[in-house]
Amino acid sequence: MTQGSKMVESIIRQAAKKIIGANNVVALTGAGISVESGIPPFRGKGGLWAKIDPVEVAHIDAFLENPAKVWRLLIRDMGRLLVSAAPNDAHHGLAELEKVGCMATVITQNVDGLHQAAGSRRVIEFHGTFATVSCLQCHLQQPIKNCLTADMPPRCDCGGVLRPDCVFFGEMIPTAAFHAAQAVAAACDVMLVIGTSATVEPAAHMSVMAKQNRAVIIEINLESTPLSDSISDYMIKGPAGESMRQLTAAVDQMRAAGP
Ligand code: APR
């Protein structure tokens, strides 16, 4: 069911009121927030996993078994896309909210670095990053840019194979990121959940932890997710860029109008 513009406006105003009235706002973002930056999502319309099997190209066992194949089928092209992508209005909206003191932390499942590129300073990269690669042998880290034109798999000077510093399926979430995300999720009083299918754990559980802390959940997505009829208090159905433009404008207006 599409949302009429009047209805969206009213939800946006209510959501903006909640954000302004909150002490601790956190965002949980997924691939959908970067679609308007030209990066495909993994699932749903235009999803990557409909084209290539994640077990074959995004699981650590597949990478260790045949790194050249995984570099060729996924990492090189994704790497080229990410190094040239630019943040969109949704990323800028979150950075803006941080700047005016209405956003504490962004927990992102994305490995594209676009939140930081938009100016967000407190970002938890829950699934790591594609900005850098590390040697499996000597663990030396370097920018992924260095190896996008190399023979596949790219190798370190020590001869070791390079792997992206993302979290593959079959790997644990880095402890520091996991604990930091749990701490902010359990302490927030408003959580903005933007562009995630909320189907991958333990990331999706961060919204449940926020709800358990009686946080208000504001969801932005093109379509409904498992959260929409369960824990979301406000569902803004639309593209992240446009929705965040409207939401930050409403927050600015209300802040300017004063209490
Ligand atoms: N604006 C808002 N939402 C959008 C937009 C858009 N322009 N485009 C797509 N979406 C929504 C889709 O409706 C979907 O619900 O974004 C969501 C993207 O879902 P996924 O592709 O499943 O991405 P995500 O939830 O981040 O996946 C989680 O799975 O494959 C792994 O490690 C990968 O971090 C990823 C994790």
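The preceding data block contains the structure.
Residues numbered from 1 in each chain as written. Predicted model: local features only at pLDDT ≥ 70, side-chain atom pairs only at ≥ 80, totals over all residues. Heavy atoms only, no water.

## Overview of the site of the ligand
Surrounding the ligand, one finds 22 residues, the nearest of these being Phe 42, Arg 43, Thr 196, Ser 197 and Asn 221. Thr 196 places a side-chain nitrogen or oxygen 2.6 Å from an oxygen atom of the ligand. Within the side chain of Asn 221, an N or O atom sits 2.7 Å from an oxygen atom of the ligand. When isolated, the ligand has an accessible area of 740 Å², and the protein chains bury 93% of it. Of the residues that constitute the shell around the ligand, the class distribution is 10 nonpolar, nine polar and three charged. (Near = heavy atom within 4 Å. Polar contact = N/O pair within 3.5 Å; in protein donor to acceptor, adjacent residues only side chain to side chain. Areas by Shrake-Rupley, 256 points an atom, 1.4 Å probe, with all protein chains shown as cover. Nonpolar A, V, L, I, M, F, W, Y, C, P; charged D, E, K, R; others polar.)

## Describing the pairing of strand β2 (residues 105-108)
Burial of β2 is two-sided: the residues Thr 105 and Ile 107 facing one way and the residues Val 106 and Thr 108 facing the other way are all buried. Strand direction decides the pairing type here: strand β1 (residues 25-29) and β2, joined by four bridges, are parallel. Note on β2: the bridge partner recorded for Leu 28 is Ile 107. As defined by bridge partners, β2 adjoins strand β3 (residues 123-125) across three bridges and the pair is classed as parallel. Bridge assignment links Ile 107 to a residue of β3, and that residue is Ile 124. (Buried < 20%, exposed > 50% of the residue type's maximum accessible area, 1.4 Å probe, protein only. Helix = DSSP H or I, 4+ residues; strand = E, 2+ residues; numbered from the N terminus. Pairing = 2+ DSSP bridges.)

## Topic: the environment of Leu 247
Considering the arrangement of structural elements, one finds Leu 247 in helix α9 (residues 240-257). Residues Leu 247 and Asn 88, 159 residues apart in the sequence, show an inter-C-alpha distance of 14 Å. Here Leu 247 is in contact with Ile 12, Ala 15, Ala 16, Ile 19, Leu 192 and Ile 220, once residues within four sequence places are set aside. (Contact = heavy atoms within 4.5 Å.)

## Examining the sheet that holds strand β8 (residues 216-221)
Read from one edge of the open sheet, six strands run β3-β2-β1-β7-β8-β9, paired in parallel fashion. The sheet is open, and its two edges are formed by β3 and β9 (234-237), each paired on a single side. Going from strand to strand, the sheet's axes swing by 15 degrees on average, the running direction of each strand aside. Pairing geometry for strand β7 (residues 190-194) and β8, over five bridges, is parallel. Its bridge partner lying in β8, Val 190 is registered against Val 216. In the packing of helix α8 (residues 205-212) onto the sheet, contacts are made with β1, β7 and β8, and the angle to β7 comes to roughly 160 degrees. Against the sheet, α9 contacts β7, β8 and β9, and its axis sits at roughly 135 degrees relative to β8. (Axes fitted to C-alpha atoms, helices over the stretch in contact; angles between N-to-C directions.)

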